[in-house]
Amino acid sequence: VNQMGRSIARLEARSKVTGRADYVHNMRVPGMLHAKIFRSTVAHGRILSIDTSAAAGMDGVFAVITGEDIRKIIPQPYFGPAFHDQPILALEKVHFIGEPVAVVLSADPHLAEQAVQTIAAEYEELEPVFDEVEAKTSEAIVHEELKPAGTFADLKHLAGRKHTNVTLDYQLRRGDVEAGFAAADHVYEHTFRTGQVLHVPLESHASLAVPEGESLIIHTASQTPSFVRTEIARLLGWPENRVSVRVPFLGGGFGAKVYVKMEALAAALALIARRPVKVALTMEEQFYTISKHAVTFRIKSGVTSDGRVIARACDVWWNGGAYADIGPRVAQKTGFTAAGPYDIEHVRIDSTEVYTNRPPAGALRGFGVPQLVWAYESHTDMIARELGLDPVEFRRRNILRDGRPHATGTIMKDAAIDQVLDRLAERMNWNAPFDRGTGTVKRGRGVAIGLKASISPTTSGAIVNVSADGSIVLYTNTIDMGQGSDTAMAQLVAEVLNVAAEAVKVVHGNTDVAPYDMGTLGSRSTFHMGNAVKLAAEDARAKLAALAAEVGLPAGTNYDVKEIFRKRYGMQAGNVIGTGTYVPRYTPPDPKTGQSDNVTPFWMVGGTGAEVEVDSETGHVRVLRLINAADAGRPINPKICRTQLSGGAIMQLGFTLYEDMVFDGGQVTNASFADYKIPGFRDVPPMESDLVTANQETGPFGAKGVGESSTFSVSPAIANAIHDAVGIRLTELPIKPETLLRALRAAQGRPLPEDE
Amino acid sequence: VTPFDWMEPQSLREAVSLLDPEDPAVRPIAGGTALMLMMKTGFFAPSRLVSLAGIERDYATIRLNGDGSFRIGSMVSLAELERSREAAVHFPVIKNAIRTLSNIRVRNVARVGGALAHGDPHMDLPPLLAMLGARVSLIGPDTAREIAVEDLYTGYYQTVIKNNELIAEAILPPLNGARCAYIKVTSRSADDWPALNIGVKLEMADSRTVARTRLVIGAAAERLTRLAATEKLLSDAVPDEATLARAGECAATEARFVSDAHGSAPYKKELLRVYLARAIREALS
């Protein structure tokens, strides 16, 4: 049976729905202590004192730990993938409300929680800065000096920079943008904003560190076990083989669980206490851990009267919060796509990430792309309407096609941008008359398309073990966090070794057994790990063939694998190990111009079509139809790809209509699921998830990642549809009914009063 | 959550005796859906919880009385009320409303008594039952009294229920052909707390003319509010579009709105103006 393109059920589905699957949150080990965190109540301040005496004196409290205690075993306790700026517990200063300052350890988590309430800290308050545009020039400086980690070559130039909040100032220059504006018939400029939102995986962050002899075992809900091992070993000054990182299934990740989150704290506490220590966050604590960047994006386009965009200038400000996390890479890797999937001669991009005194921002499904598409696809629609052009036709005139250079100079290849747009238009029956609604209910429709580059340079390794009975185990550090990677990887192995995917066992997330992988992030696994797994399976197949030849079996015959081993070892014994490592080609962009002849291993393309109904009396928006189309390469498992598309679209629908972290002086005021609303089942609109099949030449059997593609374009498609319905253009996310009603009423000359 | 005493009385009387008239850290717990949230977030730290799960089975039942009134035991879950055949036949508005008022997991656990006693003005059951003219019986150590649902609430999370009183049951008068509608209006996801909820009950003089109405709103204001002036305006009236517009205007003037995460006061006022007419139209349709 051909294993590619088979929509088999997810291998782990049964264990999940029957409650048998393991999660770190449920793990208990003998002697385990629970850690509960005391957090900062000021947004920016110097720590004057931390009084832990009452907590330490409580019966049942094992210890109370502060940043200074951590420093005794880890002299430089700063971690982070981009910068080494984040202390395991606050040292000297606090940088946001909610920052971990001290920890209570107790065998009883409730007692630990109670003891946390008795800790008191005194701060000398410093001027905070919260806004991403202000932070670039503000007097308030969040960190005195930039400390790039050295992990990423493109951040090294920032080392030693002082007295700035700018963590990255990425720039791209192509052509002469000012000349382009001068030559244009029309120039349009608009500014768009998105608020800060977060991942809210239903399983919060959880890490359990267990000291064992000379080693430390860290069970953790992580998307990046290899990175965790490297970073913890670096912090401790240990060789990597003394740190074992183990990851069961995740209850969702979405980028919240990449790099180091609670692992360093758990590790340090376990070594101090010499006991197993579990750090498991509550839902509320997620709001103080990691989020998605709030963004301000000013975009300016020069257009000819026949509808060709010839120049585009993009100024993007990313609100990185108090620690860099992976934010500088968002500003760069995503920043270079800010001009959109269009063929534009003159492009300037300035993409600036800044520190602020908000909770840190990092990677969230789409890695910043949805914030950019929100702006450039709203902008695109506004221009089309100004010019009196059909929005789909205007996009077609400017679309970036294979063989043409992207703004980075990379020649486009295997990016089905035009096919995705065509598919949307076809599905929506775009050229047919559209029912505009009756009475106070107005209907409209909109489209949007977006483009994302994949992460690079990165490495993935895999091992395929064929046992003497012919059964197969795959060892990989790609983590199945609900996206179905175990199933897809099993299908790849099965395809190469000619067995059923269901018969392949996948062992994931154990740095003691599985090889290095950069991480389960950025929709990279199907492509990168997929290629490594394919290579490993091919290596095993070649070794089996060699073994068969060795025992005298004729080449090319349909012999039983068992027979090879029996002939070779005289019994059911031995095994064959295939290995594979994949590193895609990549050319780092020129730091001054952002130009590169090979800027990404592959492109992701996602488009959305939306039909909406606007209640013009209340501002409520009902999505009548949401069409998600994505370039899926050749899908390995079409069913899983489609559920990835629908899941991503629902998530982005929440960011479009409901979700927003609300701040009061740096304090999140809606840090709970009662007050921060994600979409529920009753909010899911009629939805179609459509895979545009196109070959990704460098992908495993033509496949590419689709985990983020449907998030790109949801927000502008809905905003464009709202404009189509009622003529109101909204430039800020989320789109609240009150905001829309206020805009409608203002346009009618009878504005709603501000407040009573 | 810190340790506390957990009591499991076997009767309503016993439960009442375990409550403390003075100590707010002693609370009864029915489904616990609201109380547990307050405990998890640290807003409420009980010294004792008195579980009502073991009290007389009769309090977990629903029945239609001979006089057409409808009696709901306080320990009936919202899901049981939603699925009740008697309710579906005699008070169809209940079933439709309950489906919108929380998710299925909450409805399976939350109890009618708890939802009425909690006093959060965003909850849907109080305005729904108040619109239907429900009364509750309150049992204390030596007292038993009856009070209309609309009179239970004195402010934000404040009720007239004493610390050592329990709601035993709710009684709804027969509808006698009155037309009802209940609408929950959210400004974010569908299962969010409402920005406004509104219940209307119309007793008809004939097929076109309304004789008497009951109009109750929640969420938009600090506490459950009956719109008395608007009720009067709609009495003995034909609710044509002009009348509905006047009624909307009257309601918007009469209610006192509070701004919160679900909308500003002016927005909620606008919602009421619009949804009052919609609810009446729905009741009449």
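Up top is the structure these notes are about.
Residues numbered from 1 in each chain as written. Chains lettered and ligands numbered in written order. Predicted model: local features only at pLDDT ≥ 70, side-chain atom pairs only at ≥ 80, totals over all residues. Heavy atoms only, no water.

Turning to the overall build of chain A, a few remarks are in order. Secondary structure summary: chain A contains 18 helices and 28 strands in total. Over its C-alpha atoms chain A spans a radius of gyration of 27 Å, differing by no more than 12% from the 27 Å that the globule rule assigns to 756 residues. Counting the 756 residues in chain A, one finds 64% classified as buried. Nonlocal contacts in chain A, meaning residues at least 24 apart in sequence, comprise 80% of its contacts between residues at least 6 apart. Counting every atom, chain A has about 26,700 Å² of accessible surface; 50% of that belongs to carbon and sulfur. Averaging the coordinates of the 77 positive side-chain charges in chain A and doing the same for the 87 negative ones gives two points 5 Å apart. (Helix = DSSP H or I, 4+ residues; strand = E, 2+ residues; numbered from the N terminus. Rg over C-alpha atoms; globule rule 2.2 N^0.38 Å. Buried < 20%, exposed > 50% of the residue type's maximum accessible area, 1.4 Å probe, protein only. Contact = heavy atoms within 4.5 Å. Areas by Shrake-Rupley, 256 points an atom, 1.4 Å probe, with all protein chains shown as cover. Lys, Arg positive; Asp, Glu negative; His and termini not counted. Charge placed at Lys NZ, Arg CZ, Asp CG, Glu CD.)

Helix and strand counts for chain B come out as eleven helices and 14 strands. If you line up chain B on its principal axes, its C-alpha atoms span 60 × 45 × 30 Å. The burial tally for chain B puts 55% of its 285 residues in the buried class. Residue pairs in contact within chain B that sit at least 24 positions apart in sequence constitute 60% of those at least 6 positions apart. Split by element, the accessible area of chain B, about 11,900 Å² in all, is 50% carbon and sulfur. Positive and negative side-chain charges in chain B, numbering 34 and 34 respectively, have mean positions lying 4 Å apart.

Residue and element names in this part refer to chain A. Residues S456 and P457 are joined by a peptide bond in cis, for which omega reads -5°. Within the secondary structure layout, P457 lies in the loop between β18 (441–453) and β19 (460–467). A cis amide bond, omega -5°, links L733 with the succeeding residue P734. With respect to the helices, strands and loops of the structure, P734 is situated in the loop between β28 (732–733) and α18 (737–747). You will see that V200, though not glycine, has its phi angle at about 40°, which is positive.

This brings us to the interface of chain A and chain B. If you look at the interface, chain A gives 26 residues, while chain B gives 27 residues. Across the chain A/chain B interface, buried area totals approximately 2,200 Å², and carbon plus sulfur atoms make up 50% of it. Residue K677 of chain A pairs with D191 of chain B through a salt bridge whose shortest N-O separation is 3.7 Å. There are ten residue pairs in polar contact (both at pLDDT 80 or more) connecting chain A and chain B. Within the residue set of the side of chain A that touches chain B, elements represented by two or more residues are α4 (109–116) and α18 of chain A. When residues of the side of chain A that touches chain B are assigned to their parent elements, the largest contribution, five residues, is made by α18 of chain A. The class makeup of the residues in the side of chain A that touches chain B is eight nonpolar, five polar and 13 charged. (Buried area = accessible area lost by both parts, 1.4 Å probe. Salt bridge = Lys/Arg side-chain N within 4 Å of Asp/Glu carboxyl O. Polar contact = N/O pair within 3.5 Å; in protein donor to acceptor, adjacent residues only side chain to side chain. Nonpolar A, V, L, I, M, F, W, Y, C, P; charged D, E, K, R; others polar.)

The next subject is the pairing of strand β12 (residues 215–220) of chain A. Remember that side chains alternate between the two faces of the sheet whenever the strand is regular. Residue and element names in this part refer to chain A. In terms of burial, β12 is largely enclosed, as five of its six residues are buried. Relative to β12, strand β11 (residues 206–212) runs antiparallel, the two being bridged by six bridges. Note that in β12 the partner of V210 across the bridge is I217. Hairpin geometry of β11 and β12 is characterised by an intervening segment of two residues between the two adjacent antiparallel strands and by a positive phi of about 60° at G213. Across four bridges, the pairing between β12 and strand β13 (residues 243–246) is parallel. Residue pairing for β13: I217 is matched across the bridge by S244. (Pairing = 2+ DSSP bridges.)

All names here are of chain A. Among the secondary structure elements, T487 is positioned in helix α13 (residues 485–497). Under the relative-accessibility criterion, T487 is labelled buried at 0%. A distance of 3.0 Å separates a polar side-chain atom of T487 from the backbone nitrogen of L11. In this structure, T487 is in contact with I8, A9, R10, L11, E12, D480, N637 and I640, ignoring residues within four places of it in sequence.

This part takes up the packing of α13 of chain A against helix α14 (residues 525–550) of chain A. Residues and elements named next belong to chain A. Between α13 and α14, the least distance of the axes is 9 Å, while the angle of their chain directions is 30°. Relative to α14, α13 is oriented roughly parallel. The two elements α13 and α14 cross, and the hand of that crossing is right-handed. Across from M489, L492, V493, V496 and L497 in α13, the residues of α14 making contact are S525, T526, M529, G530, V533, K534, A537, E538, R541 and L544. Across the contact of α13 with α14, the residue classes break down as nine nonpolar, three polar and three charged. (Axes fitted to C-alpha atoms, helices over the stretch in contact; angles between N-to-C directions. Parallel < 35°, antiparallel > 145°, perpendicular 65-115°, else oblique. Left-handed = near helix turned anticlockwise from the far one by under 90°.)

Counted according to the given criterion, the structure contains 71 salt bridges over all chains. Ionic pairing is found between D315 of chain A and R348 of chain A, a salt bridge with its closest N-O pair at 3.0 Å. Pair noted here: D315 of chain A is in strand β16 (residues 309–319) and R348 of chain A is in strand β17 (residues 346–354), with a separation of 33 residues, a long-range link. Across the pair, exposure class does not vary: D315 of chain A and R348 of chain A are buried alike. For E82 of chain B, the salt bridge is made with R99 of chain B, and the minimal N-O distance between the two is 3.7 Å. Separated by 17 residues along the polypeptide, E82 of chain B in helix α3 (residues 78–83) and R99 of chain B in helix α5 (residues 92–101) bring together distant segments of the chain. One network of salt bridges, in which partners are shared, links R423, R427, D435, R443, E611, R625, E688 and D690 of chain A.

All names here are of chain A. Secondary-structure assignment places H346 in strand β17. Here H346 falls in the buried class, since its relative accessible area comes to 14%. Only 2.8 Å separates the side chain of H346 from the backbone nitrogen of D176, close enough to count as a polar contact. Excluding its chain neighbours within four sequence positions, the residues that come into contact with H346 are R174, G175, D176, V177, G180, I310, A311 and R312.

Further remarks concern the sheet that holds strand β6 (residues 93–94) of chain A. Residue and element names in this part refer to chain A. The strand order across the open sheet formed by three strands is β6-β2-β8, and the pairing between neighbours is antiparallel. Edge positions in the sheet fall to β6 and β8 (120–125), since each of these pairs with one other strand and no more. Direction of pairing for strand β2 (residues 45–51) relative to β8: antiparallel, over a ladder of six bridges. Of the residues in β8, the one forming a bridge with S49 is E122.

The next point concerns the pairing of strand β2 (residues 26–29) of chain B. All names here are of chain B. When β2 meets strand β3 (residues 48–51), the two strands line up parallel, connected through four bridges. Within β3, the position partnered with P28 by the bridge is V50. As a crossover connection, the stretch from β2 through helix α2 (residues 33–40) into β3 is right-handed. (Right-handed = clockwise from strand over helix to strand, strands pointing away.)

Below, the discussion takes up the packing of aromatic side chains. Applying the stated criterion to the full structure yields ten aromatic pairs over all chains. Ring geometry for F527 of chain A against Y582 of chain A: centres 5.7 Å apart, planes inclined by 75°, an arrangement best described as edge-to-face. One end of the pair, F527 of chain A, is in helix α14; the other, Y582 of chain A, is in strand β22 (residues 575–582), with 55 residues separating them in the sequence. Residue classification places F527 of chain A among the buried positions, given a relative accessible area of 0%. Pairwise contacts between aromatic rings join F527, Y582 and F602 of chain A into one cluster. Geometry around F181 of chain A places K300 of chain A over its ring, the cationic atom sitting 4.6 Å from the centre. A cation over an aromatic ring shows up here: R27 of chain B above the ring of F44 of chain B, its NZ or CZ 5.3 Å from the ring centre. (Phe/Tyr/Trp six-rings, centres within 6.5 Å; stacked < 30°, edge-to-face > 60°. Lys NZ or Arg CZ within 6 Å of the ring centre and 35° of its normal.)

Where burial is concerned, most of helix α9 (residues 327–334) of chain A is hidden: eight out of the eight residues are buried. Those residues of α9 of chain A not exposed but buried are G327, P328, R329, V330, A331, Q332, K333 and T334 of chain A.

Here the focus is the packing of helix α16 (residues 638–657) of chain A against helix α17 (residues 714–726) of chain A. Residues and elements named next belong to chain A. Where α16 contacts α17, the axes come no closer than 8 Å and their chain directions differ by 55°. With respect to α17, the axis of α16 lies oblique. As α16 packs across α17, the resulting crossing turns out to be right-handed. Packed against α16, whose contacting residues are A649, Q652, L653, T656 and L657, the element α17 presents V714, S715 and I718 at the interface. Classifying every residue of the contact of α16 with α17 gives five nonpolar, three polar and no charged.

To continue, consider the environment of P128 of chain A. All names here are of chain A. Assignment of secondary structure puts P128 in the loop between β8 and β9 (166–174). Given the relative accessible area of 29%, P128 is considered partly exposed. For P128 and V42, which are 86 residues apart along the polypeptide, the C-alpha to C-alpha distance reads 9.2 Å. Those residues in contact with P128 that sit more than four places away from it in its chain are A43, H44, A140 and N357.

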